[in-house]
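Commentary on secondary and tertiary structure
Single-letter residue listing:
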Amino acid sequence: MPVSTDVKLPKSHPPIFPDRCVACRAKSPGSIYRAGTNAIGWWTWVFMAFGRRHTVEVPACKPCRGQMGRQRWLQLSVNVVVIAVGVVLAGSLLEWYQGPFKRWLTLGVVLVCLLPVFLWEIFFPRPFDMTAFSDEVDYEFRDADYAAEFATLNQPPAEE
Ligand SMILES: [Zn+2]
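The following refers to the structure shown. (Residues numbered from 1 in each chain as written. Predicted model: local features only at pLDDT ≥ 70, side-chain atom pairs only at ≥ 80, totals over all residues. Heavy atoms only, no water.)

**Focus: the packing of aromatic side chains**
The full count for this structure, using the stated rule, is ten aromatic pairs. Relative to Phe-128, the ring of Phe-17 lies with its centre 5.8 Å away and its plane at 80 degrees, an arrangement referred to as edge-to-face. Residue Phe-17 is located in the loop between strand E1 (5-10) and strand E2 (32-36), and its partner Phe-128 is located in strand E4 (residues 128-132); the two are separated by 111 residues in the primary sequence. With centroids separated by 5.4 Å and ring planes inclined at 55 degrees, the aromatic side chains of Phe-128 and Phe-141 adopt a geometry described as tilted. In this pair, Phe-128 is assigned in strand E4 and Phe-141 in strand E5 (residues 136-141), connecting sequence segments 13 residues apart. Assigned by exposure class, Phe-128 and Phe-141 land together as buried. If you follow Arg-103 out to its NZ or CZ, it ends over the ring of Trp-104, 6.0 Å from the centre. (Phe/Tyr/Trp six-rings, centres within 6.5 Å; stacked < 30°, edge-to-face > 60°. Helix = DSSP H or I, 4+ residues; strand = E, 2+ residues; numbered from the N terminus. Buried < 20%, exposed > 50% of the residue type's maximum accessible area, 1.4 Å probe, protein only. Lys NZ or Arg CZ within 6 Å of the ring centre and 35° of its normal.)

Written out as structure tokens, the structure reads:
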């Protein structure tokens, strides 16, 4: 199952990446993919909380970089379309209801619509993704070997 491998690091720690393309693992890829935190994740739409943006530069060869950029836009478009469909659907489903929970019911319908997208993102992860928390960042790799190499390079100083 191609589920991503996650490496958790403190946010203050600048990550060191192996000198290989994060997608195809070519050595010395010579270019960089600038990745930002999930400002476009489904939960963003739920909580409407963007938080502080965390950006890293990930080694990626030119073709892979282009592909990762396109995947990101595809994901964004799919999210936007599904949310729009969910809102319209909720509007027609909840036409009869004018109570105080309408907002939450609408949110529930949108979330149900987003569930397949969410599962798709889990089971078909992109080569690299990350999720930032208040003081930790999850670096998510599709390639388990790359993740292991990354984890070794970023071993925390002996404090445990
Ligand atoms: Zn590549």
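**Section: the sheet that holds E4**
Strand order in the open sheet made by the three strands is E1-E5-E4, with antiparallel pairing throughout. Looking along the sheet, the strands with just one partner apiece sit at the ends: E1 and E4. On average, each strand axis in the sheet is inclined to that of its neighbour by 20 degrees, with strand direction left out of account. Of the strand pairs in this sheet, E4 and E5 are connected by five bridges, and their pairing is antiparallel. By the bridge assignment, Asp-129 is partnered in E5 with Glu-140. (Pairing = 2+ DSSP bridges. Axes fitted to C-alpha atoms, helices over the stretch in contact; angles between N-to-C directions.)

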